[in-house]
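A structural walkthrough
If you want the building blocks of each chain, they are given just below.
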Amino acid sequence: MNFEYFTAKRIIDSKTYKSSVSAPIIKIGITAIAIGMVVMLIAIATGIGLQQKIRDKVVAFNGHIMISKFGNNNSHESDNFISLQQDFYPEFKAVEGVSHIQAVATKFGIIRTETDFEAVIVKGVGGDYNWNYFQEYLIEGRLPNFSGKRNEDVLISKYIANRLNLKLGDTIQTYFMRDDINKSPRIIPYKIVGIYNSGFQDFDKTYIITDLKHIQRLNKWNADQVGHFELFVDDYSQLQSIQEQVYQNTPSDMNTITVEQKFDTIFEWINIFDKNIYGIIGIMILVAGINMITALLVLILERTQMIGILKALGSSNLSIRKIFLYNASYLIVLGLFWGNLIGLGILLAQKYFKLFPLNPDVYYVSEAPVFLSLGYVLALNIGTFVMCMLMLLLPSYIITKISPVKAMRFE
């Protein structure tokens, strides 16, 4: 039988332990760990969730990697065409990790109604377009189908629909300027078949999605000429490496740019979340550790006579320190249990019932997103336990300074 563990268990189970002077301090220590765990879980789950949600929304409109002619990377309109006759299209087999490639083109247009107008970017897509991201954002109607003959179906955002008082099934007159400003603009009537709401207002107020064939006709391009290519990758963490390989496997007159490079301001902002998460974790562990140090010192003070007796009976300093560290580890585990129970409960409630809304104008999402992973939950619990135990090693050293004779006389 482990003597230290047995003694620590007897102390924990004793009624005098639960009604002693140290009981309130012990409860405060357990509460501090529980609150710290709740805060850390929420910080990580919502921080990572927000990063992924914003990233997915940017990717939905642009893909992970864009291939275009040099000089057009920062343009919102496809000025120069690229031929579809490429070695990397319709499948980018030369680079491992590319899951999909699609051809698109964009053009400035103006939606005009009887009472108002709105400038937009008309994004033309074809039958190879990946609708998986937009499926989540669709709130009314259906997604367009551009795999057959040219049609006038269009997908617009809820923002534009509200601005122009449009609804599903309406026909919108979209004006496109000619190169010769003396000529009247070209007009295409589009029929609204679907309305989406990504919550990312910068994109929602900008893009409408229609048939690529319209952009080709407006630009007087052939059927095998497009504005640029958008690539999707399997593993986002390998984005930079894949982009470099893609660049090496494209013609010399084409450039590749990642979504992070194109929207560097947005990604720099969401990367700050990592620093905030690390800061919160550090502060919470420090607070929990300090409270546990206080609780341990009070326990040692309260059990001074017991320490003296154990020393007189031949117990070593290390053995007695283990007794109190076992005791402290029980309190830490208890705090972690309640912290996980409450923290995960709040996160699951938010995930499924959307209890806490956010301002989409500021955070690009309408509610706090939650990312749950067994990996980081385990890592957080193990890390907190280890850090707290390490912080308790030094104060437990005070046991070595206690004299058996003085301790047994201590009251």
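Residues numbered from 1 in each chain as written. Predicted model: local features only at pLDDT ≥ 70, side-chain atom pairs only at ≥ 80, totals over all residues. Heavy atoms only, no water.

Take the pairing of strand S6 (residues 153-157) next. Among the five residues that make up S6, five are buried, leaving the element largely enclosed by the rest of the structure. Residues of S6 alternate between two faces, with Asp153, Leu155 and Ser157 on one and Val154 and Ile156 on the opposite face, all of them buried. Note: S6 against strand S8 (residues 186-196), five bridges, orientation parallel. When the bridges of S8 are listed, Asp153 appears paired with Lys191. (Buried < 20%, exposed > 50% of the residue type's maximum accessible area, 1.4 Å probe, protein only. Helix = DSSP H or I, 4+ residues; strand = E, 2+ residues; numbered from the N terminus. Pairing = 2+ DSSP bridges.)

Turning our attention to the pattern of salt bridges. Inspection of the entire model under this criterion finds eight salt bridges. The partner of Lys53 in a salt bridge is Glu136, with the nearest N and O atoms 2.6 Å apart. Highlighted residues: Lys53 in helix H3 (residues 23-62) and Glu136 in helix H4 (residues 132-137), separated in sequence by 83 residues. In this structure, Glu77 engages Lys107 in a salt bridge whose closest nitrogen and oxygen atoms are separated by 3.7 Å. Of this pair, Glu77 sits in the loop between strand S1 (65-69) and strand S2 (82-83) while Lys107 sits in strand S3 (residues 98-112), placing them 30 residues apart in sequence. Under the relative-accessibility criterion, Lys107 is labelled buried at 11%. (Salt bridge = Lys/Arg side-chain N within 4 Å of Asp/Glu carboxyl O.)

Moving on: the environment of Lys149. Topologically, Lys149 is positioned in the loop between strand S5 (138-141) and S6. According to the relative accessible area criterion, Lys149 is exposed, its value standing at 77%. Here the alpha-carbon distance between Lys149 and Asp211, two residues 62 residues apart in the chain, equals 9.4 Å. Those residues in contact with Lys149 that sit more than four places away from it in its chain are Asp211 and Lys213. (Contact = heavy atoms within 4.5 Å.)

Bringing the nonpolar core into the picture now. Nonpolar side chains tend toward joint burial in soluble globular proteins. With 74 residues, the main nonpolar core has Phe134 and Phe229 as its most contacted residues. If near-sequence neighbours (up to four positions away) are discounted, Phe134 is found in contact with Ala60, Phe61, Tyr129, Leu143, Leu155, Tyr196 and Ile209. Membership of the second largest hydrophobic core comes to 40 residues, among which are Ile26, Ile277, Ala328 and Leu336. (Core = buried A, V, L, I, M, F, W, Y, C linked by side-chain atoms within 4.5 Å.)

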